[in-house]
Amino acid sequence: DKKEFLLEDEDEPEDGSEVVKKEPPAPEITTRALPGKDDETAYIIRRGHGITLEEVVDSAKAKYCSDAKYVEGMFFFEDKRPGTFLAVPIVRGGAVVGVLCADTLDSIAGSELTESEVTLYQAVLVALNEAIVKADWCLMTAICKKHDAKIRTLAAHPATLPALMAEAVVNAISEICPSGVVSLGVVDTDTDLRLVLHREEDGTRTCDRTVTPAVSGEHVSLMFKVREKCVEQTTELPHAMAVPILDATTGVAPVATAVLYVSCETPLSEDLVEFIRQIAHQLVPVMLAPSPSAMRTLKILASSGTGGDASDIYQAAAMLCARHVNGSSVLIGMAHGADELRIVQSPGGNGPKLHAVVSRSEVPACKEAMRAQALSLQGQHVAIPLVLTRGSSTIPFGVIAMVVPGGDVQLDALPGIASALASALAGSQWRRKLKACGMEGLASLLKRAPNIKGAYLAFPDVGGRQVCAGVIGEEVSSHVQTGKLVEDTTGLQVTAIQAEGGPILGYIGVNEAGVKVSDDEGDSDAWEVMKDVGWTLATVSGVIEAQGALFDKSGEEALRSEEALASHFNAARFKLVTATTIAAVSLPYMDSVKVASQPALGVVAIMQGIMYILGHQHRDVSEWPKCRKLITHHIFKEMKMIDVRVPLKEHKLKLAKECIKGLTPTVIRSAEVSDKAVGEMPLALWRWVVMVLDVQGL
C-alpha cells in the first residue's frame, strides 16, 4: 500500500529558489483485523451482490476483468467506474475457504492489473495456504498442550471424580472443534452406558444421562460398538471416532470401562485423532470399572471428612448401588446385637425408618447374608454383608439390602461396593476416635506451652490437603475453620502426626507467634511440645487400629471402647515418656545418687517426687537418708507399672508437686554443671514427674 506523498503549500520556497525534491516514503503493508458480522462497520458481500460468490467461489476458479465498468454484475459503488479487477480463490481440502481480490478502481498507482498476474496471485496463495496450515498447527498444538497439562494433573490427583474429568475433556475438544459433538460415557452396568457429560453441536450439555443400545443417535450406537469390541471405531459420515478407555487389571483381556466419542463437520485431522487417543489413555486412572470406581469415590468422601456424621458415605453407597446394580429401595443397616439392625440409610417408602432398630428377619435376604457372610438372594431382594477382617477371621458388622430387577444379572459390582463401604466406614470411625484423643492432646499442648493460645487438629484428604477437624483455645487463623480445608498456612506452624517411617496421619497447627517465644517454665520449648504431642497421637493411632472398628453400639465392648478414648492420649504419653526416661537414665547414675549423702538439692527433690508418685509414705520420703534407701534396681519397673488411667492418691501427688516446685530445666542443669552427661539424667527424671502430675490433672 503506497502512501500518497503530497508537497504541502508551506513547503514551497518563498524566495523563488529551486525546490528540493523529496523522495516518497517506501511502500508499506498495512494490516487490520476484520470486524465481526454483527459489527456496524463490517462490509459484507452477500450472494447476488457482485460476481465473486457465483463466478469465483462456486466455480473455484480465478476471475480477471480488464475493465470492471463494462462487466455485468460488478458491485463496488453506486455508479460504474473504470478499472481492473482480479479474484483468486483460496482452496483448502478441495473447498473454497476464501478469496484474494485486487482492483485498480480509484487507484493512484497509475497502473492496471494484467491477466498474467493471476499466476502470481495463485503462487502467493500457495505460500499463504502453507502459512495458514502452519498457524493452525501451532494454534492446535498450543491448545492441546494447555489442556493436556490440565488433564494430566487431574488424572494424577487422587480426588478427581469422573464428572470433573469429563468437563475438562469436553472443554478441551470443544476448543479445538467448536461445532463438534463430544460425549464421555462410563460403563455402569452390563446393559447401559451413563453419559457423564454430552455436548451437542450447538453447545448444549447434558449430564449423567443413562442410555441403552435402543436409544437412537449415531454417538450412542458407535459408543456401544466400541464398548463391545474394546477397539477404536470411526465413521466417515459423520466424521466421527469413538475410543475405549481400557482397564487391563480386570482380567486376562482389557475391559472397556468408558468410551470417548467425538464428531466434527470436517474430517478429523491426524493431530486431533492423536490428541483424542492421548486423552483416552490419561482417563484410565479416573474412569474406572464399577468396583474400583466405588472404592475411589467412597475413599475420597471418607478422606474429606473428620470422622463425624457418616451420612454422606451412606448416601453415596446407596447411589452407587442404584447406578451400578440398578438397585432400588437401598437399605444399609449396622449390626445391633445378635439379631437386630440399626438403620443408617433408609430405603424410604414403607421401609424401616432412619435410626430405627429392626429384626434382621424383617429385611428380606438380610439374615442369611450376615449368617453366611455372602451375597444372598430372595426373589428380587438381594443383600450383601459388610465385613471387617481381624487377624484370620472376618466379622459381619452390617448389610446392604435392595430390590433388583432381573435377579443376579447386574450383581457383579455389588461385592466391590460393599468392600468399599466397609473400608470407608472403618476409616471414618478411626478418624472420629483419633479426633477425640487429639482434642485431649491439644489441651495438653496449651497447658504445657502457655505461649500457645490456640491450636487445631487436621486430617489429610486424599490429596494431602489439611481438613480441620477441631480447634481449641483462641482462633488460630481466619483460614482455619472446623470441617473446612486449611487453604492458607501462612503464619502457621504445623507438625505432622506420624510414626517413624509411617504415613502422615494428621496435623497439629498453631499460630507461629506462640512457638517463637521461649519459655523456661514449661517442660520443654513449644516446638518440642508440639512434636511430642504429634508423636504421642501417632502412638494412640496404633492403639485404635489394634482395637479395630466397632459398629455394634449395643454391646459392652463398644461402651468400654468409647469410655477409654478419654484416657488414650494420657496413657500413650505416659508410656512414651517412661520409656524415654528409662532409656536416658542409667542404673549406675541411680546408684551414685543413692550412695551420695548430700546430692544436689534439685536431685533430692526429684527423687522425693518420684517416691511420692510410687506411693511411698511421707515419713519414708521426707528425709533424704530414709528416702535414698527406697532407690533400688527395681525402680524403673515400678515406674512402668503405674496405671495413669485411674486416679493416683491425690495427697501423694500434691506432695510430689511441692517437691519440684521452682525447678526448671535451667535450674536442674546448673546444679550438675560439673558433669554434663549426668546433668541430662535428672532432667529426664524431672520431666517424668511433671508428666505424671500433668496426666493426673495437677
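What you see is a predicted model; the values in this text were computed from it and never measured. (Residues numbered from 1 in each chain as written. Predicted model: local features only at pLDDT ≥ 70, side-chain atom pairs only at ≥ 80, totals over all residues. Heavy atoms only, no water.)

Broken down by element type, the chain carries 20 helices and 19 strands. The buried share of the chain, reckoned over its 698 residues, is 43%. Residue pairs at least 24 apart in sequence account for 56% of intrachain contacts in the chain once pairs closer than 6 positions are excluded. Within the structure as shown, the chain displays about 36,500 Å² of accessible surface, and the carbon and sulfur contribution to it stands at 54%. (Helix = DSSP H or I, 4+ residues; strand = E, 2+ residues; numbered from the N terminus. Buried < 20%, exposed > 50% of the residue type's maximum accessible area, 1.4 Å probe, protein only. Contact = heavy atoms within 4.5 Å. Areas by Shrake-Rupley, 256 points an atom, 1.4 Å probe, with all protein chains shown as cover.)

To continue, consider the environment of Gln598. Considering the arrangement of structural elements, one finds Gln598 in the loop between helix H13 (587-595) and helix H14 (601-613). Each C-alpha atom, one on Gln598 and one on Trp624, is 8.3 Å from the other, the two residues being 26 residues apart in sequence.

Turning our eyes to something else, we now look at the sheet that holds strand E17 (residues 466-473). Taken together, four strands build an open sheet; the order of strands is E17-E16-E19-E18 and the sheet is antiparallel. The open sheet has two edge strands with one neighbour each: E17 and strand E18 (492-497). Taken pair by pair, the neighbouring strands of this sheet meet at an average axis angle of 25°, ignoring direction. Against the sheet, helix H11 (residues 526-547) contacts E18 and strand E19 (506-511), and its axis sits at roughly 30° relative to E18. (Pairing = 2+ DSSP bridges. Axes fitted to C-alpha atoms, helices over the stretch in contact; angles between N-to-C directions.)

Turning to the packing of helix H2 (residues 117-156) against helix H3 (residues 162-176), a few remarks are in order. The contact between H2 and H3 brings their axes to 10 Å, and the two run at 175°. The angle between the axes of H2 and H3 places the two elements in the roughly antiparallel class. Along the contact surface, H2 presents Met140, Ile143, Cys144, Lys146, His147, Lys150, Ile151, Leu154 and Ala155, while H3 presents Leu164, Met165, Ala168, Val169, Asn171, Ala172, Glu175 and Ile176. Of the residues assigned to the contact of H2 with H3, the class counts are twelve nonpolar, two polar and three charged. (Parallel < 35°, antiparallel > 145°, perpendicular 65-115°, else oblique. Nonpolar A, V, L, I, M, F, W, Y, C, P; charged D, E, K, R; others polar.)

An order of E6-E5-E4-E9-E8-E7 is seen for the six strands of this open sheet, with the pairing classed as antiparallel. The strands lining the two open edges of the sheet, one partner per strand, are strand E6 (205-211) and strand E7 (233-235). Averaged over neighbouring strand pairs, the angle between their axes works out to 15° when direction is ignored. Bridge count between strand E4 (residues 181-187) and strand E9 (residues 255-264): six bridges; the pairing is antiparallel. By the bridge assignment, Val186 is partnered in E9 with Ala258. Contacting E4, strand E5 (193-199), E6 and E9, H3 runs over the sheet at an angle of about 40° to E5.

The geometry of an aromatic ring pair comes down to the distance between the two centres and the angle between the two planes. Going through the model one piece at a time under the given rule, you end up with three aromatic pairs. When the centroid spacing of 4.3 Å and the interplanar angle of 20° are considered together, the rings of Phe397 and Phe551 count as stacked. Pair noted here: Phe397 is in strand E15 (residues 393-403) and Phe551 is in the loop between H11 and helix H12 (556-584), with a separation of 154 residues, a long-range link. The same class applies to Phe397 as to Phe551, namely buried. Ring geometry for Phe574 against Trp688: centres 6.4 Å apart, planes inclined by 55°, an arrangement best described as tilted. With Phe574 in helix H12 and Trp688 in helix H20 (residues 676-695), this pair connects stretches of sequence that are 114 residues apart. Classification of Trp688 by relative accessible area gives buried; the value is 0%. (Phe/Tyr/Trp six-rings, centres within 6.5 Å; stacked < 30°, edge-to-face > 60°.)

Further remarks concern the packing of helix H6 (residues 290-304) against helix H7 (residues 311-325). Taken N-terminus to C-terminus, the directions of H6 and H7 make an angle of 165°; their axes are 10 Å apart at the nearest point. With respect to H7, the axis of H6 lies roughly antiparallel. Our pair here, H6 against H7, has a crossing hand that is right-handed. The segment H6 lies against H7, with Pro290, Ser293, Ala294, Leu298, Leu301 and Ala302 engaging Asp312, Ile313, Ala316, Ala317, Leu320 and His324. Of the residues in the contact of H6 with H7, the class split is nine nonpolar, two polar and one charged. (Left-handed = near helix turned anticlockwise from the far one by under 90°.)

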